[in-house]
Amino acid sequence: MCGGPILPVNAQSQGNGRVTGTVFDAHTKKPLGFATVFIAQTTYGTNAQENGTFQLPVLPAGSHELVVSFLGYETLTHAFTLVPGAQMQFRLELQPKANALQEVVVRADTNWRHNYAIFLKQFIGQTANAAQTRILNPEVLHFAFSSEENALTAEAAEALIIENKALGYRLHYLLKNFELDFKNGRVFHAGYPRFEAMKGSRARQKRYANARLKAYHGSMMHFVRMLQTKSLAQEGFNVRRLQRLPNPHRPAEAEIQRGIKTWRGQGKTIVISSNGVKDDSLQYWIQMSRLPKMVEYLYKDPVPYDQILQFDQAEDRFRFHFPDYLNVVYTREKEEPGFLRQNVLAKPRAATFQTSLLYLLAPFALLDRNGTVLDPNTHMVEGYWAWEKIAEMLPLDYQPPAN
């Protein structure tokens, strides 16, 4: 979404493309010096000069999302496609925030520490990498809990500065939204991260490289890239269709609750027949209430590419669509111990291959060649991918070393 006119100008050159421009206040038309300008989820970024001008002199050709931020102004984003050997020039006008000049009323949040602890688990994660990741400016976060929706939301007054000492990145994360739905056990967050590679000794850089490669293997970025090159099996991915259907052995919820209510009024008497517990006893209805509402059916054969992937000529991108769920197993790495400890009530088990579920919230999703689903609102994940969060995130310009 753009905050003002954006005027591209093309010029011919060789090699990578080039992006330049100037950042202005949309009302006063004065330049905004030192505004932050970057390509979302990459290491490409800079700060505008005092006169508002900026340049990204070496930018790979392809689809990008330009992000411009300045304290007290609405964040501006603009999606564009850079042609090889082209230069694009932008005039970017930022809108002042509506409440930027209003009096700020500070209220004590007695639950802040509790909410922040929950936020860290659901945003940074609980992996081994998460243990080496911290937010340097947590004070910019504000939380709100809705008892009616049973949901926790978070917003940040400015970019979160996140230091990941495992992967060797410092992130400047503009949090767009965060919502934890306790009722349905789902979390959704979106934003605009900018990556800065951390410096260090040769030994430290080698550790970073190894950790990045490990984070990449089996990730959704890895999956999406291999999906588009049709090399999932070669890279260790097993993808099958999964259906979730109502459990045919479980009565309707209203019938179960009616049965429990009726037989609780009969005291603790349990009626027994020659076949065991009668269908109309309290014990029977309690047993029925414990049956899962849904049952899963996993197809035996891998899903053919032509059933989930089509090239969209108009968009010049791949269109991703499929019925039900995709059960994605990465067969070259097993689950981390922390993943197995999530549910303290579950029976202990040995680690197995990393398994994730992917399903669509829209008729289809468009895929970026760099390895992302373009619109985060079009899909949801469960399982291992849902457990891996910001501490596992890599920039879109990350490339694994050649074998």
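Residues numbered from 1 in each chain as written. Predicted model: local features only at pLDDT ≥ 70, side-chain atom pairs only at ≥ 80, totals over all residues. Heavy atoms only, no water.

Caption draft 1: Examining the packing of aromatic side chains more closely. Applying the stated criterion across every chain yields a total of 22 aromatic pairs. Ring geometry for F119 versus F123: centroids 4.8 Å apart, planes at 20°, classification stacked. Here the residue F119 and the residue F123 both occupy positions in helix α1 (residues 112-123), the gap between them amounting to four residues, near one helical turn. F123 sits in the buried class, given a relative accessible area of 0%. A ring pair is formed by F223 and F320, whose centres lie 6.5 Å apart and whose planes are at 55°; its orientation type is tilted. (Phe/Tyr/Trp six-rings, centres within 6.5 Å; stacked < 30°, edge-to-face > 60°. Helix = DSSP H or I, 4+ residues; strand = E, 2+ residues; numbered from the N terminus. Buried < 20%, exposed > 50% of the residue type's maximum accessible area, 1.4 Å probe, protein only.)

Caption draft 2: Up close: the packing of helix α4 (residues 253-264) against helix α5 (residues 282-289). Here α4 crosses α5 at 150°, and the two axes come no closer than 9 Å. When the axes of α4 and α5 are compared, the pair comes out roughly antiparallel. The interaxial crossing formed by α4 with α5 has left-handed handedness. Residues E255, I256, G259, I260, W263 and R264 of α4 pack against L282, W285, I286, M288 and S289 of α5. (Axes fitted to C-alpha atoms, helices over the stretch in contact; angles between N-to-C directions. Parallel < 35°, antiparallel > 145°, perpendicular 65-115°, else oblique. Left-handed = near helix turned anticlockwise from the far one by under 90°. Contact = heavy atoms within 4.5 Å.)

Caption draft 3: A look at the sheet that holds strand β20 (residues 325-334). Pairing is antiparallel across the open sheet formed by five strands, whose spatial order is β17-β14-β20-β21-β24. Each having just a single partner strand, β17 (294-302) and β24 (379-383) make up the two edges of the open sheet. Sheet twist, expressed as the mean angle between neighbouring strand axes with direction ignored, is 30°. Relative to strand β21 (residues 353-360), β20 runs antiparallel, the two sharing six bridges. In the strand pairing of β21, L326 is matched with L358. (Pairing = 2+ DSSP bridges.)

Caption draft 4: Structural detail: the side chain of E93. Relative to the elements of secondary structure, E93 occurs in strand β7 (residues 87-94). Here the side chain of E93 touches K29 through a polar contact of 3.1 Å, side chain to side chain. A distance of 2.9 Å separates polar atoms of two side chains, one belonging to E93 and the other to R91. (Polar contact = N/O pair within 3.5 Å; in protein donor to acceptor, adjacent residues only side chain to side chain.)

Caption draft 5: Here's a closer look at the sheet that holds strand β4 (residues 53-59). Spatially, three strands are ordered β4-β1-β7 in an open sheet, and the strand pairing comes out mixed. At either margin of the open sheet sits one strand with a lone partner, and together these are β4 and β7. Strand-to-strand twist in this sheet, taken as the mean axis angle between neighbours without regard to direction, amounts to 20°. With eight bridges joining them, strand β1 (residues 17-25) and β7 adopt parallel strand pairing. For T20, the partnering residue across the bridge sits in β7 and is Q89.

Caption draft 6: Seen up close, the environment of N184. Locating N184 in the fold gives a position in the loop between β12 (169-181) and β13 (186-197). For N184, a relative accessible area of 48% corresponds to the partly exposed category. Separated by 33 residues in the primary sequence, N184 and A151 have C-alpha atoms spaced 9.5 Å apart. In terms of polar contacts, N184 uses its side chain to reach the side chain of D181, at 2.8 Å.

The quantities given are spatial measurements derived from coordinates; they are silent on function.
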